[in-house]
Every structure is written in structure tokens, then in C-alpha cells.
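# Topology and contacts: notes
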Amino acid sequence: MTPKDGRGPKGGKAPKDRKPAAPAPGTEPTAVAFLERLKIRQSDVEQAKYRRYFKTGKGDYAEGDFFMGVRMGEVFTLAKEFAAMSLEDIEMLLEQDIHEARAGAVKIMALQAQKKKTTEERRRELYGLYLRRHDRINNWDLVDLGAGNVVGGWLLNKPRDPLYSLARSQNMWERRTAIVATSAFIREGQLDDTFAIAALLLGDKEDLIHKAVGGWVRDAGRSSRERLLAFLDEHAATMPRTALRYAIEHFGKEQRSYYLTLKDRVSSG
């Protein structure tokens, strides 16, 4: 359940100058080995795409983030191969300046968290690592990769108070985690926290939070159209336009027009 902004740069066929992937029979799932495998997949073409797609300029949300130039599909394939990585090595990847390394780390965390055979103790450790190193989970795609399975999955049968603390954080990525983590609840038909946290975030100043709020209440609305309509009836007139547009994306033309008109009346007034 990822809003439009969660779609990575489009990629066609691999460039002809792409180095072939090295075979990895018996490769130990370490951070060092993962980085070595990333490097042989580096592409200047993909690197240029990332630079265009992510806002890395001065003052932008991804300022200073370094993209090696590896397609996310390849990063995810590597993550599956390295899914048995230890917590220590996962944290080593999180500490890397390379964005794709951190993406791989969070993907591995998500894979471990959702695996049925993973122990409760390991899920607790993954949850703790995610929150403790949120300073390295510092872009919207990284949050969207892990928050649902790692954070929401751990809290599924526990008090949800930590999410409300995150929703009030000064850090925008922690606030995004608060709403994205509710993906785990939505899958189980538990919608209260999605709508409650969305309401808390309606006054947020960041567009990336508006997109997440709209996208996640829209997804909750697939389980209960009635709950979504009630939320919109209460908030549509005053919620950020981006959040509203995401929330009503799957509505028919007439219904979209109705809620946008509510918003326009308040804006013009």
C-alpha cells in the first residue's frame, strides 16, 4: 500500500554497460558481501534517474543522500538472498551513506519480520532497531519499505501508543512511520488507528506526510467505505488538498467533485 510517491523511477532494460552479477553460491549474508554485490550492479544511467527522481538539492528532503545507481528491483532481489543477515550486519548497512544499502537493510528487516518462522524475540529486536536507527531510515521509500511489517507488525497485538508518539515527533520520517505502520492493521481490518493518526497529521506542513495520510485512509477505505466517507465528511473541507486528492483517487467523478468543492468553498471563503 504505497501512494503514488512510493513508485520508484521507471526502468526499462538494463544498460548494455551493466556488469554481470557475480555468482553467489554459499555467500555468507554479511553487510560486506551485500555491498560487494551492490557495486557490481551499479549503473550510471540508474544513478542519473535517481538524481532526477529524488529531491537531493540543498534544503530538500533528501539533501546529501547518495544514490549508487542500482535499480530497486535488484536491491530487493539481493535482500531476499541475504534475508538471513544478522542484526549487527543489518545495522552496518543502515550506517552506509549509500541509499541502496539502507534500502536493502530495511527490506531485509521487513522480510524477517513477516516470515512466519521468525521468533517473537527477533521481531522485537527488529522493531527496536528500526526505531533506534530511525536517523538512518530517512527517506519516504525507506519508511514505506519497513514501517508496515517491522513496526506495525510488532504492534499488531500490542498497545499502539508508540505510533501516536511518533505522529507527534519533530522528525517527518517518524511521523510518516506512524501512519505507514498502520498498513499491518488495515490488512487485519483494524482501521481505528489509521483514521485517528491521519487526523493527527492533517495539520502537518510536509507534502510527503499529506501524501501518506491520503494514501493510507484511501486504503483503509477499501475495507470500509463508510469509515472513509465519514472521515472525509468531517475533514475534507479543511484537510490539505494533496491528502484529499489521494484519499478520493478511486472515487467516481461526481463524488470526487463533491469533496473537492467542499475544499474549494473553504479555500475561497
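First, a word on scope: everything that follows refers to the structure included in this document. All of these numbers come straight from a predicted model, not from anything done at the bench.

The rules behind each value
Note that residues are indexed from 1 along each chain, following the sequence as it is written. Local features in this predicted model are restricted to residues whose pLDDT is 70 or higher, and side-chain atom pairs enter the listing and the counts only when it is 80 or higher, whereas totals over whole chains, interfaces and linings include all residues. Values reported for side chains reflect all heavy atoms of the structure, with hydrogen atoms and water molecules removed beforehand. Side-chain atoms within 4.5 Å link the members of a nonpolar core, which is a set of buried Ala, Val, Leu, Ile, Met, Phe, Trp, Tyr and Cys residues. Burial classes follow relative accessibility: with a 1.4 Å probe on protein chains only, a residue under 20% of its type's maximum area counts as buried, one over 50% as exposed, and anything between as partly exposed. The way it works is that DSSP assigns letters per residue, a run of H or I at least four long becomes a helix, a run of E at least two long becomes a strand, and they are numbered from the N terminus. By the convention used here, residues are in contact when the closest approach between their heavy atoms is within 4.5 Å. Helix axes use the C-alpha atoms of the stretch in contact, all axes being lines fitted to C-alpha atoms, and the angles between their N-to-C directions lie in the range 0 to 180 degrees. Any angle that falls under 35 degrees is termed roughly parallel, while one over 145 is termed roughly antiparallel, one within 65 to 115 roughly perpendicular, and all others oblique. The handedness criterion is simple: a crossing whose near helix is rotated anticlockwise from the far helix by less than a right angle is left-handed, and one whose near helix is rotated clockwise is right-handed. Each residue receives one of three labels: charged for Asp, Glu, Lys and Arg, nonpolar for Ala, Val, Leu, Ile, Met, Phe, Trp, Tyr, Cys and Pro, and polar for the others, Gly being one of them. For this document, the term salt bridge refers to a Lys or Arg side-chain nitrogen within 4 Å of an Asp or Glu carboxyl oxygen. Pairing of aromatic side chains here covers Phe, Tyr and the six-membered ring of Trp, requires ring centres within 6.5 Å, and sorts the geometry by plane angle: under 30 degrees stacked, over 60 edge-to-face, intermediate tilted. Our arc is simply the arc of the directions from the helix axis toward the C-beta atoms. Counting of polar contacts relies on pairs of N or O atoms within 3.5 Å, with two restrictions inside protein: one atom must be capable of donating a hydrogen and the other of accepting it, and residues adjacent in sequence are counted only when both atoms are side-chain atoms. Note that the bend at a residue is defined as the angle between axes fitted to the seven residues ending at it and the seven residues starting at it.

### Let's talk about the nonpolar core
In terms of nonpolar packing, the biggest core is built from 80 residues, with F34, L38, I90, L93 and L232 touching the most fellow members. Here the element with the most residues in this core is helix 7 (residues 140-155); it accounts for nine residues. Ignoring sequence-local partners within four residues, the contact set of L93 consists of A31, F34, L35, M85, A101, R102, A105 and I108.

### Regarding the packing of helix 6 (residues 120-132) against helix 7
Look at helix 6 against helix 7: their axes get within 9 Å of each other, and the N-to-C directions meet at 130°. Between helix 6 and helix 7, the angle is such that the two are oblique. In this structure, the crossing between helix 6 and helix 7 has a hand that is left-handed. Counted together, E120, R123, R124, L126, Y127, Y130 and L131 of helix 6 and V143, G146, A147, V150, V151, W154 and L155 of helix 7 form the full contact between these two elements. A per-class count over the contact of helix 6 with helix 7 returns 10 nonpolar, one polar and three charged.

### Comments concerning the pattern of salt bridges
Per the stated rule, a full pass over the model turns up 21 salt bridges. As a salt-bridge pair, E95 and R133 come within 3.3 Å of each other at their nearest N and O atoms. With a gap of 38 residues between them, E95 in the loop between helix 4 (87-94) and helix 5 (99-114) and R133 in the loop between helix 6 and helix 7 connect regions that are remote in the sequence. Owing to a relative accessible area of 45%, E95 belongs among the partly exposed residues under this scheme. R123 is the partner of E120 in a salt bridge, and the nearest nitrogen-oxygen pair spans 3.6 Å. Here R123 and E120 lie together in helix 6, a separation of three residues that amounts to about one turn. By relative accessible area, which is 46% here, E120 ends up partly exposed. Put simply, E91, E95, R132, R133 and D135 are held in one network by salt bridges that share partners.

### Observations concerning the side chain of R41
Position of R41 relative to the elements: it lies in the loop between helix 1 (31-39) and helix 2 (44-53). With a relative accessible area of 10%, R41 lands in the buried category.

### Describing the packing of aromatic side chains
Centre distance and the angle of the planes are the two values used to describe a pair of aromatic rings. Applying the stated criterion to the full structure yields nine aromatic pairs. Consider the rings of F54 and F67, whose centres lie 4.8 Å apart with planes at 25°: the pair is stacked. Of the two residues, F54 is situated in the loop between helix 2 and helix 3 (72-81) and F67 in the loop between helix 2 and helix 3; the sequence distance between them amounts to 13 residues. Using a relative accessible area of 4% as the deciding quantity, one classes F54 as buried. Clustering of aromatic rings is evident, with ring pairs tying together Y50, F54, F67 and W140.

### A short note on helix 2
Looking at helix 2, one finds that the buried residues are E46, Q47, K49 and Y50. One side of helix 2 holds all its buried residues, which, seen down the axis, span an arc of 160°. What points out from helix 2, more than 90 degrees from its buried face, is the exposed set D44, R51 and R52. Where helix 2 begins, the capping side chain belongs to S43, and its oxygen is found 3.2 Å from the backbone nitrogen of V45.

### A few points about helix 7
The axis of helix 7 is deflected most strongly, by about 55°, at A147. Judged by how many residues are buried, helix 7 sits mostly within the fold: 14 of 16 residues are covered.

### Describing the environment of F185
Its location among the elements puts F185 in helix 10 (residues 183-187). Residue classification places F185 among the buried residues on the basis of a relative accessible area of 0%. Sequence separation between F185 and N157 is 28 residues; the distance between their C-alpha atoms is 9.5 Å.

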